[in-house]
Amino acid sequence: MEDIAANLKAFYAQLAHACKYERGRIAGMDFVWNRKGNWPSYVIGRPDVSRIDSLAEAMRGGDAPPFLILEQEEPELVHTLEEAGIRRVRQWTGMELDPGEYLPPQPVPGLEVEVNPPGGLEAWMEMVNTEVMSGARMGAEVADALERDRDFHWLMAGSEGEAVSCGLLFVRDRVGGIYMVGTRSSHRGKGYASAVLGRMVSLAMDGGCRKLVLHATDMGEGLYRRLGFRAEGRLSIHWYLGG
């Protein structure tokens, strides 16, 4: 889980720097905060049990974002968070892929997957906000950051002139992090997301990455396993109710 957590922290830290979001530390953990109310607004890490009350107090007082991304779930820690009013609202499976374990997907006839296609960011943002995000939305400043920062590679798949699937690759310390994978609801089950994933894996491997990492929903875990990803642990989002 170490590489998964490190890439996740670096992803949000670099995005926060590029977009000029607030950054800081609370209860021994880093946070990024888009105070406009859009994504991202997270404390990220694994709090010491003795500091959970101070974390809850900071969330209650508006001195920290109301959401915690917990790097590694442990029953006692989750219980203590819940007692402090910081409730689990979502879970993911942290997954990794070593280059030698990659199982390429079958090609999809007529599908074109492009990396950083000129003029395509508006359509990419619309798809992410519609098909990937839940509740919060990416702001226009994220598009500007993606265009400027070479550590981010955004991908779009098109079929018959229509954008149908998307993904985002973030590279740090030779680890490729896979984010924002989604497919139009009307086009799911056709192998489009697998094709985007395959392109991201190839792009990362060609660039010298030693490993790929991601956090998968229960719905997406089977897709990643078919490409050779293995589960390493559980991550979760916790929300301070009323924060």
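My aim in this report is to walk through the structure given alongside it, one point at a time. Everything quoted here is computed from the prediction, not taken from an experiment. (Residues numbered from 1 in each chain as written. Predicted model: local features only at pLDDT ≥ 70, side-chain atom pairs only at ≥ 80, totals over all residues. Heavy atoms only, no water.)

1. Details of the packing of helix H1 (residues 2-19) against helix H5 (residues 140-148)
Argument step 1. In the contact formed by H1 and H5, the axes pass within 9 Å of each other and the chain directions differ by 105 degrees. Considered as vectors, H1 and H5 are oriented roughly perpendicular to each other. Counting all contacts with H1, which are made through Leu15, Ala18 and Cys19, the residues of H5 involved are Glu141, Val142, Ala145 and Arg148.
Argument step 2. When grouped by side-chain class, the residues that make up the contact of H1 with H5 number five nonpolar, no polar and two charged. (Axes fitted to C-alpha atoms, helices over the stretch in contact; angles between N-to-C directions. Helix = DSSP H or I, 4+ residues; strand = E, 2+ residues; numbered from the N terminus. Parallel < 35°, antiparallel > 145°, perpendicular 65-115°, else oblique. Contact = heavy atoms within 4.5 Å. Nonpolar A, V, L, I, M, F, W, Y, C, P; charged D, E, K, R; others polar.)

2. Let's talk about helix H7 (residues 218-226)
Argument step 1. Among the residues making up H7, those that are buried are Gly220, Glu221, Leu223 and Tyr224. Angular distribution of buried residues about the axis of H7 spans 170 degrees; they occupy a single face of the element. Structural note: H7 exposes Asp218, Met219 and Arg226 on the side pointing more than 90 degrees away from its buried face.
Argument step 2. Of the surrounding secondary structure, the elements contacted by the buried residues of H7 are strand S5 (86-97), strand S9 (175-183), helix H6 (192-206), strand S10 (211-216) and strand S11 (230-240).
Argument step 3. Remark: Gly228 follows H7 within two positions and exhibits a positive phi of approximately 110 degrees. (Buried < 20%, exposed > 50% of the residue type's maximum accessible area, 1.4 Å probe, protein only. Arc of directions from axis to C-beta.)

3. Things to note about the pattern of salt bridges
Argument step 1. Counting across every chain of the model gives 18 salt bridges.
Argument step 2. One salt bridge in this structure joins Arg230 and Glu96, with 3.4 Å as the shortest N-O distance. Linking Arg230 in strand S11 with Glu96 in strand S5, this pair joins segments that are 134 residues apart in sequence.
Argument step 3. Here Arg230 falls in the partly exposed class, since its relative accessible area comes to 26%.
Argument step 4. Arg225 is paired through a salt bridge with Glu221; the nearest N and O atoms lie 2.7 Å apart. Placement of the pair is Arg225 and Glu221 together in helix H7, with a separation of four residues, close to one helical turn.
Argument step 5. Note on Glu221: relative accessible area 15%, which makes it buried.
Argument step 6. Residues participating in the shared-partner salt-bridge network are Asp3, Glu96, Asp98, Glu101, Arg210, Lys211, Arg230 and Glu232. (Salt bridge = Lys/Arg side-chain N within 4 Å of Asp/Glu carboxyl O.)

4. Considerations on the packing of helix H4 (residues 121-132) against H5
Each pair of packed helices can be summarised by the angle the axes make with each other and by the distance between the axes.
Argument step 1. At a minimum axis separation of 10 Å, H4 and H5 run at an interaxial angle of 130 degrees. By the angle class used here, H4 and H5 are oblique. Of the two elements, H4 crosses H5, and the hand of that crossing is right-handed. Of the residues in H5, those in contact with Leu121, Trp124 and Met125 of H4 are Ala140, Val142, Ala143, Leu146 and Glu147.
Argument step 2. For the contact of H4 with H5, a count of residues per class yields seven nonpolar, no polar and one charged. (Left-handed = near helix turned anticlockwise from the far one by under 90°.)

5. Description of a nonpolar patch on the surface
Argument step 1. A cluster of nonpolar side chains, Val89, Trp239 and Leu241, forms an exposed patch at the surface whose accessible area comes to about 250 Å².
Argument step 2. Tracing the backbone shows Trp239 in strand S11.
Argument step 3. The partly exposed category is assigned to Trp239, whose relative accessible area is 30%. (Patch = residues over 30% accessible without salt bridge, like charges linked within 9 Å, V, L, I, M, F, W, Y side chains within 5 Å. Areas by Shrake-Rupley, 256 points an atom, 1.4 Å probe, with all protein chains shown as cover.)

6. Quick look at the sheet that holds strand S2 (residues 29-33)
Paired through backbone hydrogen bonds, the strands of a sheet run either parallel or antiparallel to each other.
Argument step 1. Read from one edge of the open sheet, 11 strands run S1-S2-S3-S4-S11-S5-S10-S9-S8-S7-S6, paired in mixed fashion. Edge positions in the sheet fall to strand S1 (22-26) and strand S6 (111-115), since each has one partner strand and no second. Across the sheet, the mean angle separating the axes of adjacent strands is 25 degrees when strand polarity is ignored.
Argument step 2. Of the pairings in the sheet, the one linking S9 to S10 comprises three bridges and is parallel in character. Following the sheet pairing, Val175 is matched in S10 by Lys211. (Pairing = 2+ DSSP bridges.)

7. Focus: unusual backbone geometry
Peptide bonds are mostly trans, and most non-glycine residues show a negative phi.
Argument step 1. Residues other than glycine seldom take positive phi values, yet Lys20 does so here, at roughly 60 degrees.
Argument step 2. Overall, Lys20 belongs to the exposed group, its relative accessible area being 75%.
Argument step 3. The backbone of Arg174 sits at a positive phi, close to 65 degrees, despite the residue not being glycine.
Argument step 4. For Arg174, the position within the fold is in the loop between strand S8 (162-172) and S9.

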